[in-house]
Amino acid sequence: MAELAAYAVRGENSRGRRHAEPAPAARSEFQRDRDRVVHSTAFRRLEYKTQVFVNHEGDLFRTRLTHSIEVAQIVRTLARALRLNEDLAEAIALSHDLGHTPFGHAGQEALNDCMREHGGFEHNLQSLRIVDLLEERYGGFDGLNLTYETREGILKHCAPARARELGELGRRFLEGRRPSVEAQLCNLADEIGYNNHDVDDGLRSGLIGLEQLEAIGIWRRHAAEVRRAFPDIGGRRLIHETVRRMINTLAVDLIEETRRNILAAGVASLEDVYRAPQLAAFSQATHEEHRELKRFLNRNLYQHYQVLRMTSKARRIINDLFAAFMQDTRLLPPQYQRRAQADKPRAIADYIAGMTDRYAIREHRRLFAVGEI
Ligand code: MG
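Residues numbered from 1 in each chain as written. Predicted model: local features only at pLDDT ≥ 70, side-chain atom pairs only at ≥ 80, totals over all residues. Heavy atoms only, no water.

**Q** How would you explain helix 3 (residues 64–81) if you had to name every residue and give the values?
**A** In a regular helix each residue adds 1.5 Å, so 18 residues correspond to 26 Å; helix 3 covers 26 Å between its end C-alpha atoms and thus fits that length. Looking at helix 3, one finds that the buried residues are R64, L65, H67, S68, V71, A72, I74, V75, L78 and A79. In this structure T63 caps helix 3, since a side-chain oxygen of it lies 3.1 Å from the backbone nitrogen of L65. R83 occupies a position one or two residues after helix 3 and carries a positive phi of about 55°. (Helix = DSSP H or I, 4+ residues; strand = E, 2+ residues; numbered from the N terminus. Expected span 1.5 Å × (residues − 1). Buried < 20%, exposed > 50% of the residue type's maximum accessible area, 1.4 Å probe, protein only. Polar contact = N/O pair within 3.5 Å; in protein donor to acceptor, adjacent residues only side chain to side chain.)

Set out below in structure tokens:
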């Protein structure tokens, strides 16, 4: 592998872990972080959590697990092309969605509403809470004890009040400093991942149609190129050939624009990265095209009446569960009852956020279905 750029994060310069541990024998610090994430309970649950569709609606749709793997694959390409730390980028990508509730954005909104009087709920902070506190796997500490740099990458945004509580990790939000380029790229790789796979899943589900997408520049341009190369192509192959070109265009544009920004800002060290403006970015033209696609998905897929029916049901399930546990914490599993003694609403939010889609549905049935034990 090519030597790391001067502004890449280096394992040997890591600001370390909250609990000191000996250096890994055969891996880098960030490989160890990635491995801990992959072995965690929260990571396994991503298989049964969704973004747009509910898990049991079909076996072919993306789950948060396959989404996280796709994001990791995209960001590794970006990191390697820019001679950044690929292991760190991968560790961040695989952990970025750990804190998501069941039922995607609908679940997060519902839980945030339930927690309004109790500090709110935010999936990004919850991801950090999982790796810092909630995973119970190691003898010497709670959580996964990840490096500072991976935790910094997980925490994408943070309100000032919360940042003050987070100490060193929160300081950059108060001082207006950036995270590593590896972390910056991860956010954009996330967008590339979900916009493109939502197009694919949207078409597969029949909620959006090819003719609608022809109105969207980035789709039209790439689909025309595919039809020129393969005049008889149609169906799944047309969709995939188009989507893969869109992903490639976005990734290459992101690499080139980020490289230009690094050069223009005269960035020569990691310290420079922290002080510079946002470096990872699409070019203006690609940014506009990408936004058009996002708006399209928002209007036509996320607000589709069939999706809204599901999200309204999801909201009801989360609200009911939260209310039932608030009324009687003895209904919680024992480990959450113990946590509830210190902070009842937060313990309940932790329990609900950890549920998979199907577990939440079952738990709702167990608590509310008359005639079912
Ligand atoms: Mg994501």
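Continuing now.
**Q** Account for a nonpolar patch on the surface, with residues named and values stated.
**A** On the surface, L331, L367 and F368 cluster together into a nonpolar patch covering about 230 Å² of accessible area. Relative to the helices and strands, F368 is located in helix 19 (residues 357–368). (Patch = residues over 30% accessible without salt bridge, like charges linked within 9 Å, V, L, I, M, F, W, Y side chains within 5 Å. Areas by Shrake-Rupley, 256 points an atom, 1.4 Å probe, with all protein chains shown as cover. Salt bridge = Lys/Arg side-chain N within 4 Å of Asp/Glu carboxyl O.)

**Q** Which residues make up the environment of A264, and what are the values?
**A** On the secondary structure map, A264 appears in helix 13 (residues 235–264). Using a relative accessible area of 71% as the deciding quantity, one classes A264 as exposed. A C-alpha to C-alpha distance of 42 Å links A264 and E135, two positions 129 residues apart in sequence.

**Q** Mind laying out the side chain of N196, listing which residues take part and the relevant values?
**A** Here N196 lies in helix 10 (residues 181–205). Using a relative accessible area of 0% as the deciding quantity, one classes N196 as buried. Apart from the residues lying within four places of it in its own chain, the contact partners of N196 are V243, M246, I247 and L250. (Contact = heavy atoms within 4.5 Å.)

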